[in-house]
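Commentary on secondary and tertiary structure
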Amino acid sequence: MNIVMVSPGYPLEMAYFTRALAAVGGTVIGVGDQPPSALPGEARNTLAHYEHVSLSDEGAVRGALQGLARHVSIDRVECLWEPYMILAAQLRESFGVPGMTVEQTVPFRDKESMKQAIDAAGIRTPWHVSATTVAAVWEAAEQVGYPLIVKPIAGAGSADTYRVDSAQELWEVLPLLRHVPEVSVEEFVDGEEFTYDTVCADGSILFDNIMWYRPRPLQMKMHEWISPASIVLRDLTVPDLGGGRQMGAEVLDALGFRTGFTHMEWYRKSDGEAVFGEIGGRPPGARAVDLMNYATDGDVFIAWAEAVVHGKLSQPLERRYNAGGVFKRAQGVGQITHIEGLDKLLAEYGEHVMVVDLLPVGAPRRDWRAVLISDGMIIVRHPELQPVIEMTERFAAELHMYAS
């Protein structure tokens, strides 16, 4: 099977998916705007061919592949990076290969279309409306009331997403959104936030995952002092998660998703109600797939590739651990000068610490607003949930990085 992988080396996780396709027997043709020399080794060493072309130029991409198609068949087109999912759908239609069409892909990119499709299926979503003008935002705010959320309809993660608690705050937020052509104004749902992630083949869920955000992403985005944590949960059968898990399957049906990776976010209110947030036809970022791997002692990159190439998993992924990731943000500006508290925590929890990936002394700080992994991360795991909660809280509170 000849598989075109759009952007095989960027973001970095894409290289692991590219390698996985080759590992399960796919012949992988890369199309990307990175120079060949800039591709990560995991991608560069497993690609059968690479077309270096601007991904923002659909005609150039199609032309490059049409030339290639005179010599080899193109059997699938895959893309796991959100900005180019529509491009991948256009290529599928051009070459007549299976996978999501443009019409099927749009709801995964346009948050308003997404929620309209979910509403039509009778699934609980926050009240929402799209707006392309300042006046329309004010009109929507009057209808939904405060607090509310304003975010791009085609955004990813929490970029350009704001909680607004009053008219005064809306006045302050609107200038920050001048570069966004269309926004969704929606009800703020008060509750805990989780993900529902799946690997599917031909409409069947082969692997599913629930991750718990601590705290909610909007709070992570607002306060630099927070060390965000995400916990991949071992037991998905507990009653508190049942509503979200059922809703996730219903959302996939409503959107007609068949094969690939999905990443859905949902809320659990204090009364137990599950409320849909949004969904992407891609894996979660910020090394969440690594957390799934540590939780299963498996390889979810390979599982996705097997679903795409073979339509099934060679062996099921077994949930063995709760796995937690903590992202650290240094105090100060400039370069990392020192790290405190790590040795003590490793002495206490060392056997449960899977990854210590912190910026070294002398490295420049990253922009915590732009990059969730910030200045590094710790990954821990344990079969029981409470020890993982404790460890993530301790690493959040007692591990300190400093910069100047």
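For the structure, check the block above.
For the structure given in this document, a descriptive report is provided here. (Residues numbered from 1 in each chain as written. Predicted model: local features only at pLDDT ≥ 70, side-chain atom pairs only at ≥ 80, totals over all residues. Heavy atoms only, no water.)

What about the side chain of threonine 296?
- Checked against the element boundaries, threonine 296 lands in helix H11 (residues 288-296).
- According to the relative accessible area criterion, threonine 296 is buried, its value standing at 4%.
- Looking at threonine 296, its side chain comes within polar contact range of the main-chain nitrogen of glycine 298, at 3.0 Å.
- Filtering out sequence-adjacent residues up to four positions away, threonine 296 remains in contact with Phe207, Leu317, Glu318, Arg319 and Arg320. (Helix = DSSP H or I, 4+ residues; strand = E, 2+ residues; numbered from the N terminus. Buried < 20%, exposed > 50% of the residue type's maximum accessible area, 1.4 Å probe, protein only. Polar contact = N/O pair within 3.5 Å; in protein donor to acceptor, adjacent residues only side chain to side chain. Contact = heavy atoms within 4.5 Å.)

Some points on the layout of surface pockets
- Approximately 260 Å³ is the volume found for the second largest pocket.
- Every residue lining the second largest pocket is counted, 21 residues in all, and those nearest its centre are Arg92, Gly99, Met100, Phe257 and Thr259.
- Elements with a minimum of two residues in the lining of the second largest pocket: strand E4 (76-78), helix H4 (85-95), helix H5 (102-109) and strand E13 (260-269).
- Split into classes, the residues belonging to the lining of the second largest pocket amount to ten nonpolar, seven polar and four charged. (1 Å grid on protein atoms, 1.4 Å probe; cavity = no way out; pocket = protein on both sides within 12 Å on 5 of 7 lines; lining within 4 Å. Points joined across faces, edges and corners; volume = space filled by probe spheres on them. Nonpolar A, V, L, I, M, F, W, Y, C, P; charged D, E, K, R; others polar.)

A word on the pairing of strand E2 (residues 27-32)
- Of all six residues making up E2, five are buried, and the element is well covered by its neighbours.
- Strand direction decides the pairing type here: strand E1 (residues 2-6) and E2, joined by five bridges, are parallel. What sits directly across from valine 6, in E2, is valine 31.
- Of the crossover connections in this fold, the one passing from E1 over helix H1 (residues 13-23) to the parallel E2 is right-handed. (Pairing = 2+ DSSP bridges. Right-handed = clockwise from strand over helix to strand, strands pointing away.)

Thoughts on the sheet that holds E1
- Within the open sheet, the four strands sit side by side as E3-E2-E1-E4. Their pairing is parallel. The sheet terminates laterally at strand E3 (49-52) and E4, the two strands that pair on one side only. Strand-to-strand, the axes of this sheet are offset by a mean angle of 20 degrees, without reference to chain direction.
- The pairing of E1 with E4 spans three bridges and is parallel. Paired with valine 4 across the bridge in E4 is valine 77. (Axes fitted to C-alpha atoms, helices over the stretch in contact; angles between N-to-C directions.)

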